[in-house]
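Structural overview
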Amino acid sequence: MNVFIVGGSGKVARSLARMLSECGHVVRSLHRKPEQAQDLAALGAMAVQGDLTALSVDALATSMVGSDAVVFSAGAGGAGMEVTNAIDGRGLELSVAAAQQAGIRRFLLVSAFPDALRGGERNPEFENYARVKKLADAHLVASDLDWVILRPGTLTDEPGTGRVHAAAAIPYGTVPRDDVAATLAAIIERPDVSRTIIELTSGDMSIDAALARISRR
Ligand SMILES: NC(=O)c1ccc[n+]([C@@H]2O[C@H](COP(=O)([O-])OP(=O)(O)OC[C@H]3O[C@@H](n4cnc5c(N)ncnc54)[C@H](OP(=O)(O)O)[C@@H]3O)[C@@H](O)[C@H]2O)c1
């Protein structure tokens, strides 16, 4: 399968690119800095340079043409409200429009866990992040695409375990980025997991078993 990753130099995205290319998929990764290209090539991905704040729908659609699926894993990474609005918000809308124009139906979005930081100190930047992520989810859900929204709990850099808790609504927790990537890779191979929102934390079920329970078949 041909997979186009937006936010391709991110931590989840790099792990996903490596897993997909090891399984024989063709990966194209959108990244913004020239120096990231070599790193992506070493993971088996083709680097496509472009800045989400500068690309037109036409230009991004042209880069995406021929892909079977788009994965959006870009994020502002705490760079402030304006950047969050531009990347997690408008960047997602741009990517949805580009996928539609390029004729790609399958679209996976890495979103955020709705309960993250609940009960903690109220931080305006985090409130904005949660709002923008939710609106991005709503934008994708309203589209005609074959979407899947993955809402991981707080991400860690611990090694993946391959054991998760994944369902439409689960208690808040953490999850290694590698397990998020492995779940995305598994969803790409499961067209029966479609038009669904999946919350994800570490757990005790294999990713395959968890997705089989979510499947619409
Ligand atoms: N942190 C958490 O606990 C948490 C929890 C749930 C969900 N999430 C979400 O999970 C997703 C992936 O997380 P992660 O840790 O892999 O994030 P990450 O490492 O920060 O990756 C985000 C990527 O987005 C790219 N990006 C930012 N601005 C861009 C632009 N203008 N044009 C093109 N690309 C741009 C970044 O590029 P550069 O590499 O050039 O900076 C980076 O590679 C994010 O959407 C995040 O919001 C995070």
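The structure this text deals with has already been given above.
Before going into details, it helps to say that this report is about the structure given with it. Fair warning: this is a prediction, and the values are worked out from it, not measured in the lab.

1. Examining the packing of aromatic side chains
Inspection of every chain in the model, using the stated rule, returns two aromatic pairs. When the ring of Phe 126 is compared with that of Tyr 129, the centres are 5.5 Å apart and the planes differ by 45 degrees; the resulting orientation is tilted. In this pair, Phe 126 and Tyr 129 are both assigned in helix α5 (residues 124–141), three residues apart and thus about one turn of the helix distant. Here Phe 126 falls in the partly exposed class, since its relative accessible area comes to 23%.

2. A look at the pairing of strand β1 (residues 2–6)
One face of the sheet, then the other: side chains in a regular strand alternate in exactly this way. For β1, the buried fraction is high: four of the five residues fall into the buried class. Two strands pair when backbone bridges link them, and β1 and strand β2 (residues 26–31) are joined in this way by five bridges, in the parallel orientation. Paired with Val 3 across the two strands is Val 27, which belongs to β2.

3. Details of the layout of surface pockets
Space inside the largest pocket adds up to approximately 1100 Å³. Lining the largest pocket are 44 residues, with Ser 73, Ala 74, Gly 75, Ala 76 and Gly 77 sitting closest to its centre. Only α1 (11–22), β2, α4 (81–102), α5 and β7 (154–156) provide two or more residues apiece to the lining of the largest pocket. Classifying every residue of the lining of the largest pocket gives 19 nonpolar, 17 polar and eight charged. Its boundaries defined by the atoms lining it, the second largest pocket holds a volume of some 350 Å³. As for the second largest pocket, its lining consists of 21 residues, and the residues nearest its centre are Pro 114, Ala 116, Phe 126, Glu 127 and Ala 130.

4. Let's talk about the sheet that holds strand β6 (residues 146–152)
As summarised here, the arrangement of the nine strands in space is β3-β2-β1-β4-β5-β6-β10-β8-β11, forming an open sheet in which the pairing is mixed. Among the strands making up the open sheet, the edge pair consists of β3 (45–49) and β11 (205–206). In this structure, strand β8 (residues 163–167) lies alongside β11, joined through two bridges in antiparallel fashion. By the bridge assignment, Arg 163 is partnered in β11 with Ser 206.

5. Brief notes about the pattern of salt bridges
Under the defined criterion, the tally for this structure stands at eight salt bridges. One salt bridge in this structure joins Arg 18 and Glu 22, with 3.9 Å as the shortest N-O distance. Within this pair, Arg 18 and its partner Glu 22 are both found in helix α1, separated by four residues, close to a single helical turn. Since its relative accessible area comes to 30%, Arg 18 is described here as partly exposed.

6. Some remarks on unusual backbone geometry
Positive phi, close to 45 degrees, is recorded for Arg 195, a residue that is not glycine. For Arg 195, the location among the structural elements is in the loop between α6 (177–188) and β10 (196–202). For Arg 195, a relative accessible area of 35% puts it in the partly exposed group.

7. Here's the deal with the site of the ligand
Around the ligand lies a shell of 27 residues, among which Arg 32, Asp 51, Ala 74, Tyr 129 and Arg 177 are the nearest. Within the side chain of Gln 36, one N or O atom sits 2.9 Å away from an oxygen atom of the ligand. The separation between an oxygen atom of the ligand and a polar main-chain atom of Gly 75 is 3.1 Å. Contact with the protein chains removes 83% of the 920 Å² of surface that the ligand exposes when unbound. Using a 2 Å cut-off from the grid points, one finds that the ligand occupies the largest pocket. Elements supplying a minimum of two residues to the shell around the ligand: α1, α4, α5 and β7. A per-class count over the shell around the ligand returns nine nonpolar, 11 polar and seven charged.

Conventions adopted
Residues numbered from 1 in each chain as written. Predicted model: local features only at pLDDT ≥ 70, side-chain atom pairs only at ≥ 80, totals over all residues. Heavy atoms only, no water. Phe/Tyr/Trp six-rings, centres within 6.5 Å; stacked < 30°, edge-to-face > 60°. Helix = DSSP H or I, 4+ residues; strand = E, 2+ residues; numbered from the N terminus. Buried < 20%, exposed > 50% of the residue type's maximum accessible area, 1.4 Å probe, protein only. Pairing = 2+ DSSP bridges. 1 Å grid on protein atoms, 1.4 Å probe; cavity = no way out; pocket = protein on both sides within 12 Å on 5 of 7 lines; lining within 4 Å. Points joined across faces, edges and corners; volume = space filled by probe spheres on them. Nonpolar A, V, L, I, M, F, W, Y, C, P; charged D, E, K, R; others polar. Salt bridge = Lys/Arg side-chain N within 4 Å of Asp/Glu carboxyl O. Near = heavy atom within 4 Å. Polar contact = N/O pair within 3.5 Å; in protein donor to acceptor, adjacent residues only side chain to side chain. Areas by Shrake-Rupley, 256 points an atom, 1.4 Å probe, with all protein chains shown as cover. Sits in = over half its atoms within 2 Å of the grid points.

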